[in-house]
Amino acid sequence: VQLVESGGGLVQPGGSLRLSCAASGFTFSRYGMSWSRQAPGKERELVAAINSAGGSTIYADSVKGRFTISRDNAKNTVYLQMNSLKPEDTAVYYCYARVGTNYWGQGTQVTVSS
């Protein structure tokens, strides 16, 4: 199993970013996927999750209405569209899948700062 995130970077408050997570090594369309984040000095927290078919999603209260998780099962990729970014969204963002055991990507840094 391999999860490779991309799309992070530096953005001003109010800006947008789209993160991507390319998955391989398992039957992607059969598994739910999620995004978590970890800010310096804080515990990792769940940001958003999506079921295998893409029809059901959940979000942390802190990102509801600003972030959207989606997936393309034909491309084995899950996305996180982040709008109206705030400085408190600054963190390393990780893609996660539980395929028998827990798998995490290497993370992608998102920095929101003026």
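Residues numbered from 1 in each chain as written. Predicted model: local features only at pLDDT ≥ 70, side-chain atom pairs only at ≥ 80, totals over all residues. Heavy atoms only, no water.

Trainee: Explain the pattern of salt bridges to me, and be specific about the residues and the numbers.
Mentor: For the coordinates displayed, the defined rule picks out four salt bridges. Across the salt bridge formed by Asp61 and Lys64, the nearest N and O atoms sit 3.1 Å from each other. Under the relative-accessibility criterion, Lys64 is labelled partly exposed at 49%. Among the charged side chains, a salt-bridge network with shared partners connects Arg37, Glu45, Arg66 and Asp89. (Salt bridge = Lys/Arg side-chain N within 4 Å of Asp/Glu carboxyl O. Buried < 20%, exposed > 50% of the residue type's maximum accessible area, 1.4 Å probe, protein only.)

Trainee: Explain the state of the cysteines to me, using residue names and the numbers behind them.
Mentor: Here the structure, examined in full by the defined rule, presents one disulfide. Bridging Cys21 to Cys95, the disulfide has an S-S length of 2.1 Å. Of note, the bridge from Cys21 to Cys95 carries an S-S torsion of about -80° and is left-handed in sense. On the criterion of sequence distance, the pair formed by Cys21 in strand 3 (residues 17-24) and Cys95 in strand 9 (residues 91-99) is long-range, its members being 74 residues apart. Neither residue differs from the other here; Cys21 and Cys95 are each classed as buried. (Disulfide = S-S within 2.5 Å. Helix = DSSP H or I, 4+ residues; strand = E, 2+ residues; numbered from the N terminus.)

Trainee: Explain the side chain of Ser20 to me, and be specific about the residues and the numbers.
Mentor: Tracing the sequence through the fold places Ser20 in strand 3. Leave out the neighbours within four places in its chain, and Ser20 touches Val4, Glu5, Ser6, Trp35, Thr77, Val78 and Tyr79. (Contact = heavy atoms within 4.5 Å.)

Trainee: An account of the packing of aromatic side chains is needed here, citing residue identities and associated values.
Mentor: Throughout the structure, instances matching the rule amount to four aromatic pairs. Both rings, one in Phe26 and one in Tyr31, keep their centres 5.6 Å apart while their planes meet at 75°; by these two values the pair is edge-to-face. Relative accessible area serves as the criterion here: at 12%, Phe26 is assigned to the buried category. Seen from their ring centres, Tyr94 and Trp104 are 6.3 Å apart, and the 85° between their planes marks the pair as edge-to-face. Of this pair, Tyr94 sits in strand 9 while Trp104 sits in strand 10 (residues 101-104), placing them 10 residues apart in sequence. Its relative accessible area of 14% is what places Tyr94 among the buried residues. You can call Trp104 partly exposed: its relative accessible area is 39%. Cluster of aromatic residues (ring-pair linked, three or more members): Phe26, Phe28 and Tyr31. The lysine or arginine in question, Arg44, covers the ring of Tyr94, its NZ or CZ lying 3.7 Å from the ring centre. (Phe/Tyr/Trp six-rings, centres within 6.5 Å; stacked < 30°, edge-to-face > 60°. Lys NZ or Arg CZ within 6 Å of the ring centre and 35° of its normal.)

Trainee: I'd like a description of the environment of Val112, backed by residues and values.
Mentor: Its place among the elements puts Val112 in strand 11 (residues 108-112). With 103 residues separating them in the primary sequence, Val112 and Gly9 have C-alpha atoms 8.4 Å apart. With near-sequence residues (within four places) excluded, Val112 lies in contact with Val11, Gln12, Pro13, Leu85, Lys86, Pro87, Asp89 and Thr90.

Trainee: Summarise the environment of Lys75; cite the residues concerned and give the values.
Mentor: Note on placement: Lys75 falls in the loop between strand 7 (67-72) and strand 8 (77-82). For Lys75 and Ser24, which are 51 residues apart along the polypeptide, the C-alpha to C-alpha distance reads 10.0 Å.

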